[in-house]
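Structure assessment
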Amino acid sequence: VLCWFYVFPVYRLPSDKEMVEEVLRQGEEWQKNQTGIDLYRKLLSECCDPKRMFAVTKENSPVGKVLWYDGEFYYSHTINNNTYSLFVQDNPLQLPLKKCAVVGNGGILRHSKCGGDIDQADFVMRCNLPPISKEYVQDVGTKTHLVTANPSIIEKRFQSLLWSRKDFVDSMKVYGSSYIYMPAFSMRPGTDPSLRAYYALADSSSNLTMLFANPEFLRTVGKFWKSRGVHARRLSTGLFLVSLALGLCEEVTAYGFWPFSVDLDQRPVSHHYYDNILPYKWFHAMPEEFVQLWHLHKSGTLRVRVGRCP
Ligand code: CDP
């Protein structure tokens, strides 16, 4: 039975140590709760219509439509013939997705041995073009069906794709024939690099399919969590994907979500599984987000894997 406080939890933010204690108290116990799953799918459908709205498509964004940037005030892009031609016709995913794995980039994944578990999912979502090279495979798996790419990565790692595109095209090969999900219409400076990424892939006959995140969807999902106490300027990529997964999948497991400084054995843990570069503190509210995920875990709505996989 789902209590009201799972839906509208009231809490103060726990310390890292308290969070560890809480997770240890719960232990490995987890019980799927179909009522919780159905409720969240319904809530998310009502607020945000993920099936129809998660990407910019020809169906939801005709020529002439104004897309308001969700990460900036007062800027918009009016869809013209050029941009329209880059959109997929309609939601391309085969719905409903069955078992989904949402893989965050938290350092908790290091030495987790969760790779096998992740690869068993029917649909694997990853954040921000993460490394999945040999040295990480045991911990993060090999499969990817959807991976997000922030325009800032295109700018920093691939010189905005103004010069050679080979490095970019080659680095994308590890993601096989997955979808690349880019927030091309979130911040104005991100649009051009995103469109260049589209062309780079299209021109090289890549197996990847570009999907542009729909700013309307990102905005409504942001509001959804704000009304549940997540007070960030912007949600983290991971929480967007979890929300998408709750809307589209029959079962969701989250890996690599642990924005705390120590692991379950109280040992220091790096921010990412591949580096320790910290985010801007004021931008996201990852610990707040984790508390929400943990409520969903305890209510059986999704499963959060912290620590090692069996
Ligand atoms: O771009 P962003 O800072 O949101 O993400 P990231 O550092 O590339 O990590 C991907 C996602 O994993 C984040 O959006 C968080 O949801 C999650 N994450 C976490 O929960 N704990 C961490 N220590 C690092 C990332």
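Residues numbered from 1 in each chain as written. Predicted model: local features only at pLDDT ≥ 70, side-chain atom pairs only at ≥ 80, totals over all residues. Heavy atoms only, no water.

Phe54, Met125, Tyr181, Phe217, Trp225, Trp258 and Phe290 are the most contacted members of the largest nonpolar core, which totals 56 residues. In terms of residues, this core owes the most to one element, helix α12 (residues 237-248), which gives 8 residues. Beyond its immediate chain neighbours, meaning those up to four positions away, Trp225 contacts Tyr40, Val230, Leu235, Leu239, Ser243, Gln292 and Leu296. In this structure, Ile118, Ile180, Phe185 and Tyr255 belong to the second largest nonpolar core, which totals 41 residues. (Core = buried A, V, L, I, M, F, W, Y, C linked by side-chain atoms within 4.5 Å. Buried < 20%, exposed > 50% of the residue type's maximum accessible area, 1.4 Å probe, protein only. Helix = DSSP H or I, 4+ residues; strand = E, 2+ residues; numbered from the N terminus. Contact = heavy atoms within 4.5 Å.)

The subject of this paragraph is the packing of aromatic side chains. Inspection of the entire model under this criterion finds 18 aromatic pairs. Arranged with centres 6.3 Å apart and planes meeting at 85°, the rings of Tyr40 and Phe224 form a pair that is edge-to-face. Within this pair, whereas Tyr40 is found in helix α3 (residues 34-48), its partner Phe224 is found in helix α11 (residues 215-226), the two being separated by 184 residues in sequence. Residue classification places Tyr40 among the buried residues on the basis of a relative accessible area of 2%. By relative accessible area, which is 6% here, Phe224 ends up buried. Sitting over the ring of Tyr84, Lys58 keeps its end group 5.4 Å from the ring centre. Sitting above the plane of the Tyr75 ring, Arg188 keeps its charged end 3.6 Å from the centroid. (Phe/Tyr/Trp six-rings, centres within 6.5 Å; stacked < 30°, edge-to-face > 60°. Lys NZ or Arg CZ within 6 Å of the ring centre and 35° of its normal.)

Our next topic: the pattern of salt bridges. As enumerated under the stated definition, the model contains 15 salt bridges in all. Between Asp49 and Arg52 there is a salt bridge whose closest N-O contact spans 3.6 Å. Its salt-bridge partner being Arg234, residue Asp70 comes within 2.8 Å of it at the nearest N-O pair. With a gap of 164 residues between them, Asp70 in the loop between β1 (66-68) and β2 (76-78) and Arg234 in the loop between α11 and α12 connect regions that are remote in the sequence. When sorted by exposure, Asp70 lands in the same class as Arg234, which is buried. Shared partners join several salt bridges into a network, and the residues in it are Glu22, Arg25 and Lys298. (Salt bridge = Lys/Arg side-chain N within 4 Å of Asp/Glu carboxyl O.)

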